[in-house]
Amino acid sequence: MPLDLVLRGGRVIDPSQGIDAVMDVGFENGRVAKIGGELTGADIRDVSGRIVTPGLIDLHTHVYLGGTSLGVDPVRLLNGGCATLVDTGSAGPGNYAGFLAHVIRLSPVRILAFLNVSFAGIYGFSKRVMVGEGGDLRLMAPIDAVETARANPDTIVGVKVRVGMHASQGSGVIPLDIARETAEEIGLPMMVHIDHPPPTLEDVLARMRKGDILTHCFRPFPNNPSTADGGVRRAALEARERGIIFDIGHGMGSFAFKTAKTMLANGFLPDCISSDVHALCIDGPAFDLLTTMSKFLCLGMGLNDIVRAATESPAKALRRKDLGALKVGGVGEASILAHREGAFDYVDSTGERMTGDQRLIASGVVVNGRWWTGSNT
Ligand SMILES: [Zn+2]
């Protein structure tokens, strides 16, 4: 019986199963059907010399295209090699129905969402208008957020809150306390954005629970997790001990090589690598997930650890056991990557440049057991 699709001869890296070996992967009826040697199928793709991973998960994106000014086209991120996009807080309970109807339901790539605890989501985010949704406490909508999350259990995976001088002005930790209470009520994790104090990193981490996600975790000074003398702040070490998840969320202003170098030198790897791609950083400095992953490759993080941080670890953070692994009978998704060597120019959120010697490039993606060809048919 020929399979629908066979990826032939790629280096399969699936950290969730400890796999790093050259083998074929076969798909049938939208699922992974066989993994092993010498498979045949109706559509055979020679991926020798390429890396095959479980469908990549970008844990921090903004894809409410058209409904919010920061949204980018989810298909562009699918073309960039991602099989799951997690939108974090673009929509709140006041506009989630539009996100669902006009973007999520029509999308060829899976979109999951952290619902913003602010009623309007991220509504004032552009080059000329920048109004943080956490700055007006009248917008905090815990009851509406609980109702919306309960009505959409297949797409809403958690609660998002943004705190910091930019995102919540003088509200301090109040939006975070409201988001936490909301997340507790619905039994889902919370993702917390941090920028300039107030609140401080210590104030934020102290309020987070096991399984909650700190995004922008390797941000530049201030509220960076590293210390001036090359160490790691005690609050970050304690938070990791307690099971708080550290997510990169590169974005426009939230990732610094300097911080990353210090953290990696201390053996403090990020749990999850995500892009925080939105309208103001998709053309740099974040670009996309693979560019963010490539930066870590050039900073010395191991390839298998990097793949884990975009597959197994975000799947766990999302509490989605069906994602992040290439298992027979599992979702028919895979990402195919080219690993190039050369001289590549990278830039972080502070404008610091780095010439790296490696780059990961999207070379294909499988969704619903089919090779994605750039259209829905
Ligand atoms: Zn974001």
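Before reading further, recall that the structure is shown in the block above.
These numbers were taken from a predicted model, which means no experiment stands behind them.

Peer 1: How should I be thinking about the overall build of the chain in this particular structure?
Peer 2: Along its length, the chain carries 10 helices and 17 strands. Seen through its principal axes, the chain has C-alpha atoms that stretch 60 × 50 × 40 Å. Pairs at least 24 apart in sequence give 74% of the contacts found in the chain among residues at least 6 apart. Of the roughly 14600 Å² of accessible surface on the chain, a fraction of 51% belongs to carbon and sulfur atoms. Taking the average location of the 37 positive side-chain charges in the chain and that of its 41 negative ones, the two points are 1 Å from each other.

Peer 1: Help me out: how do you make sense of the coordination of the zinc ion in this one?
Peer 2: Four donors placed tetrahedrally about a metal ideally form angles of 109.5 degrees, and six donors placed octahedrally ideally form angles of 90 or 180 degrees. The coordination sphere of the zinc ion, as far as protein atoms go, consists of His60 (NE2), His62 (NE2) and Asp276 (OD), spread over 2.1 to 2.3 Å. Read in sequence order, the donor residues coordinating the zinc ion give the pattern H-x1-H-x213-D. With histidine 62 in the loop between β6 (56–61) and α1 (74–79) and aspartate 276 in the loop between α7 (257–265) and α8 (289–298), this residue pair connects regions lying 214 residues apart in the sequence. With relative accessibility at 6%, the residue aspartate 276 sits in the buried group.

Peer 1: How do you make sense of the pattern of salt bridges when you look at a structure like this?
Peer 2: Where charged atoms of side chains with opposite charge meet at close range, the side chains can pair. Throughout the structure, instances matching the rule amount to 19 salt bridges. Of the charged contacts, one joins aspartate 283 and arginine 76 as a salt bridge, the two residues approaching to 3.1 Å between their closest N and O atoms. Within this pair, whereas aspartate 283 is found in the loop between α7 and α8, its partner arginine 76 is found in helix α1, the two being separated by 207 residues in sequence. Residue class for arginine 76 comes out partly exposed when judged on its relative accessible area of 44%. The salt bridge partner of glutamate 333 is arginine 110, with a shortest N-O separation of 2.6 Å. In this pair, glutamate 333 sits in the loop between α10 (312–317) and β15 (334–347) while arginine 110 sits in strand β8 (residues 110–116), placing the two residues 223 residues apart along the sequence. On the accessibility criterion, glutamate 333 (8% relative accessible area) is buried.

Peer 1: Help me understand α7, please; the structure alone is not making it clear to me.
Peer 2: The periodicity of an α-helix, 3.6 residues per turn, causes residues three or four places apart in sequence to face the same way. Taken as a whole, α7 has its buried residues at Phe257, Thr259, Ala260, Thr262, Met263 and Leu264. As for α7, its buried residues are in contact with α8, β15 and β16 (353–367). One or two residues past the end of α7 sits glycine 267, with phi positive at roughly 75 degrees.

Peer 1: What's the story with the packing of helix α3 (residues 142–151) against helix α4 (residues 174–186) in this structure? I'm lost.
Peer 2: Each packed pair of helices is defined by two parameters, the angle between the axes and the distance between the axes. Contact geometry for α3 and α4: axes closest at 10 Å, N-to-C directions at 35 degrees. Pair α3 / α4 crosses with right-handed handedness. Taken together, the residues of α4 that come into contact with α3 (itself represented by Pro142, Ala145, Val146, Ala149 and Arg150) are Ile178, Thr182, Glu185 and Ile186.

Peer 1: How should the sheet that holds strand β13 (residues 213–215) be read in this particular structure?
Peer 2: Within a beta sheet, neighbouring strands are joined by backbone hydrogen bonds and run either parallel or antiparallel to one another. Pairing in this open sheet of 7 strands is parallel, and the strands run β6-β7-β8-β11-β12-β13-β14 from one edge to the other. Since the sheet does not close on itself, it has two edges, and those belong to β6 and β14 (245–247), each with one partner. The average angle at which neighbouring strand axes cross in this sheet is 25 degrees, direction not considered. Strand direction decides the pairing type here: β13 and β14, joined by 3 bridges, are parallel. Its bridge partner being in β14, isoleucine 213 is matched across the sheet by isoleucine 245. Contacts from α4 reach β11 (156–163) and β12 (190–194) within the one sheet, and its direction differs from that of β11 by about 170 degrees.

Peer 1: What's the story with the packing of aromatic side chains in this structure? I'm lost.
Peer 2: Two descriptors summarise a pair of aromatic rings, namely the distance from one centre to the other and the angle between the planes of the rings. Applying the stated rule across the entire model yields 6 aromatic pairs. Judged by centre distance (5.5 Å) and plane angle (50 degrees), the ring pair of phenylalanine 255 and phenylalanine 296 falls under tilted. In this pair, phenylalanine 255 sits in the loop between β14 and α7 while phenylalanine 296 sits in helix α8, placing the two residues 41 residues apart along the sequence. The pair formed by phenylalanine 255 and phenylalanine 296 is uniform in burial state, with each residue classed as buried. An aromatic cluster is built from Phe218, Phe255, Phe257 and Phe296, whose rings are joined through pairwise contacts. Here arginine 240 stacks its cationic end above the ring of phenylalanine 268, 3.9 Å away from the centre of that ring.

Peer 1: Explain a nonpolar patch on the surface here, please?
Peer 2: A cluster of nonpolar side chains, namely Tyr123, Val129 and Val131, defines an oily patch on the protein surface of about 240 Å² accessible area. Here valine 131 lies in strand β10 (residues 130–131).

Reading the values: the criteria
Residues numbered from 1 in each chain as written. Predicted model: local features only at pLDDT ≥ 70, side-chain atom pairs only at ≥ 80, totals over all residues. Heavy atoms only, no water. Helix = DSSP H or I, 4+ residues; strand = E, 2+ residues; numbered from the N terminus. Contact = heavy atoms within 4.5 Å. Areas by Shrake-Rupley, 256 points an atom, 1.4 Å probe, with all protein chains shown as cover. Lys, Arg positive; Asp, Glu negative; His and termini not counted. Charge placed at Lys NZ, Arg CZ, Asp CG, Glu CD. Donors = N, O, S within 2.8 Å, 3.2 Å for Na, K, Ca; no water. Buried < 20%, exposed > 50% of the residue type's maximum accessible area, 1.4 Å probe, protein only. Salt bridge = Lys/Arg side-chain N within 4 Å of Asp/Glu carboxyl O. Axes fitted to C-alpha atoms, helices over the stretch in contact; angles between N-to-C directions. Left-handed = near helix turned anticlockwise from the far one by under 90°. Pairing = 2+ DSSP bridges. Phe/Tyr/Trp six-rings, centres within 6.5 Å; stacked < 30°, edge-to-face > 60°. Lys NZ or Arg CZ within 6 Å of the ring centre and 35° of its normal. Patch = residues over 30% accessible without salt bridge, like charges linked within 9 Å, V, L, I, M, F, W, Y side chains within 5 Å.

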